[in-house]
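# Structural characterization, general
Next come the chains, spelled out residue by residue.
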Amino acid sequence: LPAGLSQWFPALEVLDVSGTGLTEMGTELLALPCLHTLLAKNNRLGGPGSLPKGLEQAPLARSLRVLNLSGNRFSELPPALLQLRGLRSLSLGGNRLHGIPPDIQELHSLEFLYLGGNFITAIPPELAKLPSLRYLVLCDNKIQSIPPQLAQLHSLRSLSLHNNLLTYLPREILNLVHLEELSLRGNPLVVRFVRDLTYNPPSLQELAGRTVKTRNVPYAPSDLPDSLVRYLSLASNCPNPKCGGVYFDSCVRQIKFVDFCGKYRLPLMHYLCSPECSSPFSSASQSSTSQSSTSQSESDSEDEASVAAHRMQKVLLG
Amino acid sequence: MEQPVQTETWKARSLEELVRILHQIFAEDKVSVDEVHALMESYESNPEEWLQYAKFDQYRYTRNLVDSGNGKFNLMILCWGEGHGSSIHDHTDSHCFMKILQGNLKETLFEWPEKKGNGEMTKKSERVLRENQCAYINDSIGLHRVENISHTEPAVSLHLYSPPFDTCNTFDQRTGHKHKVTMTFYSQFGERTVC
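Residues numbered from 1 in each chain as written. Chains lettered and ligands numbered in written order. Predicted model: local features only at pLDDT ≥ 70, side-chain atom pairs only at ≥ 80, totals over all residues. Heavy atoms only, no water.

### Considerations on the sheet that holds strand 13 (residues 191-192) of chain B
All names here are of chain B. Test applied: Strand pairing follows a simple DSSP-based rule, namely that at least 2 bridges must link the two strands. Note on conventions: DSSP H or I runs of at least 4 residues are helices, E runs of at least 2 residues are strands, and numbering of each starts at the N terminus. Contact between two residues is taken to exist if any of their heavy atoms lie within 4.5 Å; hydrogens are not considered. Angles here are taken between N-to-C directions and fall from 0 to 180 degrees, while the axes themselves are lines fitted to C-alpha atoms, restricted in helices to the stretch in contact.
Taken together, seven strands build an open sheet; the order of strands is 7-4-9-2-1-12-13 and the sheet is mixed. Only two strands of the sheet have a single neighbouring strand rather than two, namely strand 7 (134-137) and strand 13. For strand 2 (residues 74-80) and strand 9 (residues 155-162), the ladder comprises seven bridges, and the chain directions are antiparallel. Bridged to methionine 76 within strand 9 is histidine 159. This element, helix 1 (residues 15-26), spans strand 1 (62-67), strand 2 and strand 9 of the sheet and lies at about 15° to strand 9.

### Details of the sheet that holds strand 3 (residues 66-68) of chain A
Residues and elements named next belong to chain A. Across the sheet, eight strands lie side by side as 1-2-3-4-5-6-7-9; this open sheet has parallel pairing. Every other strand in the sheet has two partners, leaving strand 1 (14-16) and strand 9 (181-183) as the edge strands with one partner each. Pairwise comparison of adjacent strand axes, ignoring direction, gives a mean angle of 5° for this sheet. Relative to strand 4 (residues 89-91), strand 3 runs parallel, the two being bridged by three bridges.

### Details of unusual backbone geometry
Residues and elements named next belong to chain B. Proline 163 follows serine 162 through a cis peptide bond whose omega is -10°. If you trace the backbone, proline 163 turns up in the loop between strand 9 and strand 10 (167-171). If you check the backbone angles, threonine 92 has positive phi at about 45° while not being a glycine.

### Focus on the interface of chain A and chain B
The test is simple: Salt bridges are defined by distance alone: a side-chain nitrogen of Lys or Arg within 4 Å of a carboxyl oxygen of Asp or Glu. Any pair of nitrogen or oxygen atoms within 3.5 Å is treated as a polar contact; in protein, a donor-acceptor pairing is required on top of that, and neighbouring residues in sequence qualify only through side-chain atoms on both sides. Asp, Glu, Lys and Arg are counted as charged, while Ala, Val, Leu, Ile, Met, Phe, Trp, Tyr, Cys and Pro are counted as nonpolar; the rest, among them Gly, fall into the polar class.
Facing the 29 residues of chain A at the interface are 19 residues of chain B. Between chain A and chain B we count three salt bridges in total. Summed over the shared surface of chain A and chain B, the result is eleven residue pairs in polar contact (both at pLDDT 80 or more). Secondary-structure elements contributing two or more residues to the side of chain A that touches chain B are strand 5 (112-114) and strand 14 (264-272) of chain A. Its residues assigned to classes, the side of chain A that touches chain B comprises ten nonpolar, eleven polar and eight charged.

### Quick word on the side chain of asparagine 74 of chain B
With respect to the helices and strands, asparagine 74 of chain B occurs in strand 2. In this structure asparagine 74 of chain B touches Leu65, Asp67, Ser68, His159, Leu160, Tyr161, Pro164 and Phe185 of chain B, once residues within four positions along its chain are discounted.

### Describing the environment of arginine 185 of chain A
For arginine 185 of chain A, the position within the fold is in the loop between strand 9 and strand 10 (194-195). For arginine 185 of chain A and serine 160 of chain A, which are 25 residues apart along the polypeptide, the C-alpha to C-alpha distance reads 9.6 Å. Separated by 2.9 Å, the side chains of arginine 185 of chain A and glutamate 147 of chain B make a polar contact.

### A look at the pairing of strand 7 of chain B
Residues and elements named next belong to chain B. Note the cut-off: Note on exposure labels: buried denotes an accessible area under 20% of the residue type's maximum, exposed denotes more than 50%, and partly exposed covers the range between, all computed with a 1.4 Å probe on protein chains only.
On strand 7, burial covers both faces: Cys134 and Tyr136 on one face and Ala135 and Ile137 on the other are all buried. Of the pairings in the sheet, the one linking strand 4 (residues 95-102) to strand 7 comprises four bridges and is antiparallel in character. Bridge pairing in strand 7 places phenylalanine 97 opposite tyrosine 136.

### As for the UniProt feature "binding site: Fe cation" (unreviewed entry) in chain B
Residues and elements named next belong to chain B. To be explicit about the condition: UniProt positions are given in the numbering used here, feature names are shortened, and annotations may be inferred rather than shown by experiment.
Under the present numbering, the feature "binding site: Fe cation" (unreviewed entry) in UniProt falls on His89, His91 and His144. Look at the named residues: they lie 56 residues apart in sequence, but the longest C-alpha span between them is just 9.3 Å, so in the fold they bunch up. Mapped onto the elements of the fold, histidine 89 is located in strand 3 (residues 88-89). Within the local environment of histidine 89, its side chain forms a polar contact with the backbone oxygen of serine 87, the two atoms lying 2.9 Å apart. Mapped onto the elements, histidine 91 comes out in the loop between strand 3 and strand 4. Accessibility expressed as a relative area gives 1% for histidine 91, which makes it buried. Beyond its immediate stretch of four places on either side in the chain, histidine 91 contacts Cys96, Ile137, Asp139, His144, Tyr161 and Phe165. A distance of 3.5 Å separates a polar atom in the side chain of histidine 91 from a polar atom in the side chain of histidine 89.

### Structural notes on the pattern of salt bridges
Applying the stated rule across the entire model yields twelve salt bridges over all chains. Between arginine 60 of chain B and glutamate 181 of chain A there is a salt bridge, with the nearest N and O atoms lying 3.9 Å from each other. Residue arginine 60 of chain B is found in the loop between helix 3 (47-50) and strand 1, and its partner glutamate 181 of chain A is found in strand 9; the two belong to separate chains. By relative accessible area, arginine 60 of chain B is classed as partly exposed at 29%.

### Let's talk about the confidence of the model for chain A
All names here are of chain A. This is how it is decided: Each residue carries a pLDDT score, the predictor's confidence in it, ranging from 0 to 100.
Overall, the prediction assigns chain A a mean pLDDT of 78, with 72% of residues at 70 or greater. Segment residues 193-198: pLDDT under 50, and 13 contacts once partners within four positions in sequence are set aside and those in other chains are kept. Between residues 258-263, whose pLDDT stays under 50, and residues either more than four places distant or in other chains, the model counts 26 contacts.

### Examining the packing of aromatic side chains
Given two aromatic rings, their pairing is described by the distance between the two centres and the angle made by the two planes. Residue and element names in this part refer to chain B. Convention followed: Note on aromatic contacts: the rings of Phe and Tyr and the six-membered ring of Trp form a pair at centre separations within 6.5 Å, being stacked when their planes are under 30 degrees apart, edge-to-face when over 60 apart, and tilted otherwise.
Evaluation of the coordinates by the stated rule reveals eight aromatic pairs over all chains. A ring pair is formed by phenylalanine 26 and phenylalanine 73, whose centres lie 4.9 Å apart and whose planes are at 45°; its orientation type is tilted. Placement of phenylalanine 26 in helix 1 and of phenylalanine 73 in the loop between strand 1 and strand 2 is noted, with a sequence separation of 47 residues between them. The buried category is assigned to phenylalanine 26, whose relative accessible area is 5%.

### Concerning the pairing of strand 1 of chain B
Residue and element names in this part refer to chain B. Of all six residues in strand 1, six are buried, a share of seventy percent or more. Bridge count between strand 1 and strand 2: five bridges; the pairing is antiparallel. Paired with asparagine 64 across the strands is isoleucine 77, a residue of strand 2. Hairpin remark: strand 1 followed by strand 2, antiparallel, with six residues in the connecting loop; positive phi at glycine 69, about 50°.

### Digging into helix 1 of chain B
Our working definition: One fewer than the residue count of a helix, multiplied by 1.5 Å, yields its expected span.
Helix length check: helix 1 of chain B, at twelve residues, gives a terminal C-alpha distance of 16 Å against a target of 16 Å (1.5 Å per residue), a fit within 8%. Turning to helix 1 of chain B, its buried residues are Leu15, Glu17, Leu18, Val19, Ile21, Leu22, Ile25 and Phe26 of chain B.

This is how it looks when you write it as structure tokens:
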């Protein structure tokens, strides 16, 4: 970037240096107090010096709203970028990212995040801590699973997951009430009813923990070692509404299908506290025999699913 | 449309001229697919002429009506953000011409699913269309999915449909199941349409 940029154009609001072969952007940027949009796509950024030092103290850290770094050579999200606390829109499409740092949650004003066309293999649950995120693009990556915490993105309107390595989705995805667009094509989603019958029996600690929780055995932090108090706080509720049980580490993974808007059957993964428990999507009640319903029909469109389908009214599935 | 004895070789020197010639062609009883195809391809995209119709949406591609062809055709501009794509769809017995005005679009052709089919749809072919190229499809050729596969560049395309239609079927690639949808315009004649 030319030296003296901020002296010539002190009121600069939008800077587009796309396609200029830039390898680094230096301190010339820092003295632009009005800059809200920086477009630097299709350059050769990615090495050290891609973003200027001293970003944290610069007015730019608060003023910048839109940053487009797509089509560069970033193999990791530059830590300096996380200083841009006012950032609303970030694009790193078409780079060489292998992951997303958990610290992405520091960009708490983020509404638009484009990470398509990278080599990302996993999504950190911390991504779900972005309260204003409306548009999340993760297409054309190598993602194998979606953390259930992603369902906490209450503002999410559009989620792009096409061309990844997903075999199923977490059932919590049904909680994304405002989701209108969801792309899933080009994923090896399981198409047949799958049931993971391997079930590691619970440990004694787990059995005791379950009993404490389900029987509401009172306890105070002074009664137990810290580690056990922490352990008890990690109980998850069995999703079977007729069960009311809890589990800690020992659970049954099950993939069931949910009809979305009557046109697409999604495999959702959920956890049950024991093989005897049945999924909330089936009408089969809890029974003491392991009469797992292998004859259960694949087109489960029970209450919960149809409520979810009603919520996600305009979901556009590939 | 049938092949008349003589086909004109048109050259549209502007978008306005393209529309004018289209009206002329479609005023006739018989219209040639090749003639319209050649006309569409002859227009060299000039953003100044169509920028007013190119309204992008953050979340998905948009359809912006340019001309309603006296009821004989619809001419519209589609705006595709990075990563935006369509579902697999048919064309309700109409002719569809698609010309790239900016960027690139990938077109994937699919066979019609079997009547009783319940398996993955069959891909016939795919290609990336470049600026000013024009593709043609109708239901007898098959179904297609159109997408902007670029993660850095938006794309703009010019579409002509004859006769006009506002519903079509979208298809689930994994099962071949179809679903009727109604299409809407994001803007008409340069004005944003409020839904």
